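# Breakdown of the fold
Spelled out from the first residue to the last, the chains are:
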Amino acid sequence: MTAPAQVDAGARSLSATISRGLMTMAHNSFALIGLVVAFCALTLVSRDDLRHAGEAQLRSWLQARTHAPTVDLAGADADASTGDDAAMVAAVDRATASNPQQLPRNQANVAYWLAKKYRVAPEPLAVLVSEAYLVGKETKLDPTLILAIMAVESSFNPFAQSSVGAQGLMQVMTKIHTDKYEHFGGHFAAFDPVTNLRVGVKVLQECIERAGSLEGGLKYYVGAANLPTDGGYAAKVMAEHFRIKQVAEGRSNTPKAPVAPAAKPSLSAQADTPAAAGTVADKAKAASNSAAAGNASETVALADKQAALPAAAKAEATAVAMGS
């Protein structure tokens, strides 16, 4: 055999050997993979917990691959601006405000008058005035009375809270009337102006029905039902109710209620420091709640504090009541 023939035979023999080796390796690899797959299958069949865990991971991986965001540099700015616009729209929807000029004339007059007197923006007041007229029509209560209670109770501060826990525009005792907020999503709704208005009106209705009169209902509302006096609360509400009603009727120069001469303060009144009307109302509410729970001792103590009010303050409250 010649040399070239030997080289050719050697090359063919080498290639055949390499091919047989690769085929053997591939065969063994596939056999090994088959054994691993069979072992895994048997393990998953016998172990439900491992099977469920694997299914959950596979499902999450597939969902991540399906919903994976695609990078679009050209549209990134557009998406960001769209998100900002959506956030701004949501913020506008959450705001308690509207244009007072879109209200009926009498309601607009009330909104602007209250805004000027209590230094509150007219746009939020426009919503409250409109809601007061709507709720007043539903409950057959004068809407200017509802607005007067908000004015006296919180000066239209929707986040106001007293020392005894009265909260919001109408200063409703949230802990006592939690059930009334369930329909609105829970007790945190006390700080939503419209919700607090509606719950406060419901409480006022119950107080008037219990007392049998508007003045008596106001005494119940402030929590002074078991006290000899309400500290002039009802007189203040009725006086403010009178003024707001005059504004709603289009009388720009609202007449003031006549003021009677102040009575001379008693010796005990001169000795004591005058108490703020808001503090009296808070203490009266606390006393009413304690009385409802059977705590008569706190009621007596608060009644003594009420008796120590300056005679001049009582005379002023009486004069306002006479004018209204």
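What you see is a predicted model, and the numbers here were worked out from it, not measured in a lab.

Scanning the chain for helices and strands turns up 14 helices and 2 strands. Burial statistics for the chain: of 324 residues in total, 32% are counted as buried. Nonlocal contacts in the chain, meaning residues at least 24 apart in sequence, comprise 58% of its contacts between residues at least 6 apart. Of the roughly 19900 Å² of accessible surface on the chain, a fraction of 60% belongs to carbon and sulfur atoms.

Under the counting rule described, the total for this entry stands at 7 salt bridges. E249 is the partner of R251 in a salt bridge, and the nearest nitrogen-oxygen pair spans 3.8 Å. The partly exposed category is assigned to R251, whose relative accessible area is 45%. For E249, a relative accessible area of 45% gives the class partly exposed.

Trans is the common state for peptide bonds, and a negative phi is the common state for residues other than glycine. Within the chain, F156 stands out as a residue other than glycine whose phi angle is a positive 65°. Assignment of secondary structure puts F156 in the loop between α6 (143–154) and β1 (166–167). Phi at Q171 takes a positive value of approximately 50°, unusual for a residue other than glycine. Tracing the sequence through the fold places Q171 in the loop between β1 and β2 (172–173).

Here the focus is the confidence of the model for the chain. Mean pLDDT over the chain: 76, with 68% of residues reaching 70 or higher. Predicted confidence in the chain is weakest over helix α11 (residues 267–271), with a mean pLDDT of 36, and strongest over α6, with 96.

In this section: a nonpolar patch on the surface. Nonpolar side chains collect at one region of the surface, where L14, I18, L22 and M25 lie side by side and expose about 420 Å² of accessible area between them. Residue position: L22 is located in helix α1 (residues 3–46).

Turning next to the environment of F156. Here F156 falls in the buried class, since its relative accessible area comes to 5%. Separated by 41 residues in sequence, F156 and A115 place their C-alpha atoms 9.3 Å apart. When sequence neighbours within four positions are dropped, the list of residues in contact with F156 reads L114, Y118, V120, L125, L128, L147, M150, A151 and L169.

Let's shift gears to the environment of P100. Residue placement: P100 occurs in the loop between α3 (73–94) and α4 (105–118). We classify P100 as buried; its relative accessible area is 1%. Each C-alpha atom, one on P100 and one on A126, is 5.1 Å from the other, the two residues being 26 residues apart in sequence. If near-sequence neighbours (up to four positions away) are discounted, P100 is found in contact with A108, Y112, P122, E123 and A126.

Our next topic: the packing of aromatic side chains. Each pair of aromatic rings is reported with the distance of its centres and the angle of its planes. Tallied over the full model, the rule gives 1 aromatic pair. Look at Y118 and F156: their rings are 5.3 Å apart centre to centre, the planes differ by 70°, and that puts the pair in the edge-to-face class. Linking Y118 in helix α4 with F156 in the loop between α6 and β1, this pair joins segments that are 38 residues apart in sequence. Assigned by exposure class, Y118 and F156 land together as buried.

This paragraph deals with the side chain of E131. With respect to the helices, strands and loops of the structure, E131 is situated in helix α5 (residues 122–139). Those residues within four positions of E131 in sequence are excluded, and the remaining contacts are V194, L197 and R198.

At a minimum axis distance of 7 Å, the contact between helix α8 (residues 193–211) and helix α9 (residues 214–221) shows a crossing angle of 120°. One finds that α8 runs oblique with respect to α9. Of the two elements, α8 crosses α9, and the hand of that crossing is right-handed. Contact residues: G200, V203, L204, C207, I208, R210 and A211 in α8; L214, G216, G217, L218, Y220 and Y221 in α9. Across the contact of α8 with α9, the residue classes break down as 9 nonpolar, 3 polar and 1 charged.

Relative to the assigned elements, K180 resides in helix α7 (residues 178–181). A distance of 3.5 Å separates a polar atom in the side chain of K180 from a polar atom in the side chain of E206. The residues touching K180, leaving out its near neighbours within four places in the chain, are V199, K202, V203 and E206.

Cut-off values and rules
Residues numbered from 1 in each chain as written. Predicted model: local features only at pLDDT ≥ 70, side-chain atom pairs only at ≥ 80, totals over all residues. Heavy atoms only, no water. Helix = DSSP H or I, 4+ residues; strand = E, 2+ residues; numbered from the N terminus. Buried < 20%, exposed > 50% of the residue type's maximum accessible area, 1.4 Å probe, protein only. Contact = heavy atoms within 4.5 Å. Areas by Shrake-Rupley, 256 points an atom, 1.4 Å probe, with all protein chains shown as cover. Salt bridge = Lys/Arg side-chain N within 4 Å of Asp/Glu carboxyl O. pLDDT = per-residue confidence, 0-100. Patch = residues over 30% accessible without salt bridge, like charges linked within 9 Å, V, L, I, M, F, W, Y side chains within 5 Å. Phe/Tyr/Trp six-rings, centres within 6.5 Å; stacked < 30°, edge-to-face > 60°. Axes fitted to C-alpha atoms, helices over the stretch in contact; angles between N-to-C directions. Parallel < 35°, antiparallel > 145°, perpendicular 65-115°, else oblique. Left-handed = near helix turned anticlockwise from the far one by under 90°. Nonpolar A, V, L, I, M, F, W, Y, C, P; charged D, E, K, R; others polar. Polar contact = N/O pair within 3.5 Å; in protein donor to acceptor, adjacent residues only side chain to side chain.

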